[in-house]
Amino acid sequence: MPSVNPTDDAPCAARRWDGRHGASTLPARLPMTYVLPLRWHNDTGLAELTGYLRWLAGRVDVLVVDGSAPDLFARHAQAWRGLVRHLPPDRTDRGLNGKVIGVCTGVRAAEHEHVVIADDDVRYDDAGLTAVHRLLGRADLVRPQNYFDPLPWHAWWDTGRTLLNRALGADYPGTLAVRRSTFLAMGEYDPDVLFENLELIRTIRAHDGTEAAPAWLYVRRLPPDATHFRGQRVRQAYDDLAQPARLVTALAVLPALAAAVAARRPALLLGAAAGTVALAELGRRRAGGTRVFPPATALAAPVWLLERGVCGWLAVAQRFLFGGVRYGETRIRRAAHPTHTLQRRPRPH
């Protein structure tokens, strides 16, 4: 598919929002809408998120599509009154993935052509917003690179996945940016898939859209708590059902491990682990990644790969035994559609 090479816009440093920026340092406001799809079950992080939204609202238009329960929605409306546009998901939309419905509601309601879509744990800075805005001037979709900060043990663990993705291509972040006209022209995207970011990327590709995936565009992400992290393991492995090569690799891990143990060849295991660390280190060093990925994160790659080898089998079992993976109060069968399937769909008029 068409792509762009955005290296000339690379920022010289990865700056972050930390709540200390005041109005005296406020940059020029960008003609861009920031869409935050939200569905909370408690308000533990409300004060921190409100601080970020207050900072963000001075830079871009902010639109929060809030699918939280009525009592939480009312509390959010009070906290964010006069700060952001706050609205519920469109009730006429139907689909299993509530985030997709929230995104579609937000993009339709956006007043600017350039739209950032971000999860509630994503934290942009001025450099990141400006770079995304510039890249959307020549690409239909921008795919930044997330990194965790702070870095508790489970965020270190998951960073192994990030580094391997960077070494082999591009990572799947918790934020994307799109041109609103392209998004609407392609008829939005399917709300009945699990891996919604991949579905959006593939839908734009299927409609001949251009994509920028700058490895240098680092956007901070807050780590989940350890309980939430553990609950996501099989669900994230289920995403590989939409990526056959990754799925086959994951399913091969345990048989290869068992064969090496049965053959009493520990050198094979050590060599495989060392090779995985070396590959992750390539990803860490790519495009100045050493600024945001500490050296020890490359050591997490074999640990994460072993976990994916176990969870890959569990994901396949859920697909065949239960018809899909648990997502909230329902089950979703399909991870994402292949690009060629999306290309054959009738285009909206």
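Our subject is the structure that appears above.
Computed from a prediction, not measured in an experiment: that's the story for all the values here.

**Q** What exactly am I supposed to notice about the nonpolar core here?
**A** One broad rule of soluble globular proteins: the nonpolar side chains tend to lie buried together. Ranked by size, the top nonpolar core spans 34 residues in total, and within it Val115, Ile117, Leu141, Val178, Phe183, Tyr189 and Leu200 carry the most contacts. Elements represented by at least two residues in this core include exactly strand S2 (61–66), helix H3 (98–109), strand S4 (114–118), strand S8 (175–179), helix H7 (196–206), helix H9 (233–238), helix H12 (300–322) and strand S11 (325–327). Apart from the residues within four sequence positions on either side, leucine 141 is in contact with Leu136, Leu176, Ala177, Val178, Leu200, Ile201, Ile204, Thr210, Glu211 and Ala212. Grouped together as the second largest cluster of nonpolar side chains are 32 residues, Tyr34, Leu36, Tyr52 and Ala131 included.

**Q** Any chance you could explain the packing of helix H10 (residues 244–262) against H12 here in plain terms?
**A** Between two packed helices, both the angle of their axes relative to each other and the distance between the axes serve to describe the pair. Across the interface, H10 lies against H12 with an axial gap of 8 Å and an inter-helix angle of 110°. Considering their axes alone, H10 and H12 lie roughly perpendicular with respect to each other. For the pair formed by H10 and H12, the contact residues are Leu247, Ala250, Leu251, Val253, Leu254, Pro255 and Leu257 on the first element and Leu305, Leu306, Arg308, Gly309, Val310, Gly312, Trp313 and Val316 on the second. When the residues that make up the contact of H10 with H12 are grouped by side-chain class, the tally is twelve nonpolar, two polar and one charged.

**Q** Got a minute to help me understand helix H5 (residues 153–168) in this structure?
**A** Residues spaced three or four apart along an α-helix point in a common direction, a consequence of the helix completing one turn every 3.6 residues. Between its first and last C-alpha, H5 extends 24 Å over 16 residues, near the 22 Å set by a 1.5 Å rise per residue. Buried residues of H5: His154, Ala155, Asp158, Thr159, Gly160, Arg161, Thr162, Leu163, Leu164, Asn165 and Arg166, and no others.

**Q** For this particular structure, what's the right way to read the sheet that holds strand S1 (residues 32–38)?
**A** With respect to topology, seven strands assemble into an open sheet ordered S3-S2-S1-S4-S8-S6-S9, the strand pairing being mixed. Every other strand in the sheet has two partners, leaving strand S3 (85–87) and strand S9 (211–212) as the edge strands with one partner each. As paired elements, S4 and S8 share five bridges and run antiparallel to each other. Residue pairing across strands places isoleucine 117 opposite leucine 176, the latter belonging to S8. Seen against the sheet, helix H2 (residues 70–79) touches S1, S2 and S3 and runs at an angle of roughly 170° to S3.

**Q** Would you take a moment to explain the pairing of S2 for this structure?
**A** Every regular strand shows the same layout, with side chains that alternate between the two sheet faces. Counting buried positions over the six residues of S2 gives five, a clear majority of the element. Strand direction decides the pairing type here: S1 and S2, joined by six bridges, are parallel. Its bridge partner being in S2, valine 35 is matched across the sheet by leucine 63. Read from S1 through helix H1 (residues 46–57) to S2, the crossover connection turns out right-handed. Pairing between S2 and S3: three bridges, direction parallel.

Criteria and thresholds
Within any chain, residue numbers begin from 1 and follow the written order of that chain's sequence. pLDDT decides what is reported in this predicted model: residues at 70 or higher carry local features, side-chain atom pairs at 80 or more are listed and counted, and totals for whole chains, interfaces and linings draw on all residues regardless. Hydrogens and water molecules were not included; the side-chain quantities draw on all heavy atoms of the structure. Among the buried residues, those of types Ala, Val, Leu, Ile, Met, Phe, Trp, Tyr and Cys that are joined through side-chain atoms within 4.5 Å form a nonpolar core. Type-normalised accessible area, obtained with a 1.4 Å probe on protein chains alone, sets the label of each residue: buried when under 20%, exposed when over 50%, and partly exposed for intermediate values. Counting from the N terminus, the helices are DSSP H or I runs at least four residues long and the strands are E runs at least two residues long. Any two residues having at least one pair of non-hydrogen atoms within 4.5 Å are treated as being in contact. Orientation is described by axes fitted as lines to C-alpha atoms, over the contacting stretch for helices, and by angles from 0 to 180 degrees between their N-to-C directions. These descriptions rest on fixed angle ranges, namely under 35 degrees for roughly parallel, over 145 for roughly antiparallel, 65 to 115 for roughly perpendicular, and the rest for oblique. Think of it as three bins: nonpolar holds Ala, Val, Leu, Ile, Met, Phe, Trp, Tyr, Cys and Pro, charged holds Asp, Glu, Lys and Arg, and polar takes everything else, Gly as well. Helix span is expected to be 1.5 Å times the residue number reduced by one. Two strands qualify as a pair provided that DSSP identifies no fewer than 2 bridges between them. Looking down the strands as they point away from the viewer, one classifies a crossover as right-handed if the path from the first strand across the helix to the second runs clockwise.

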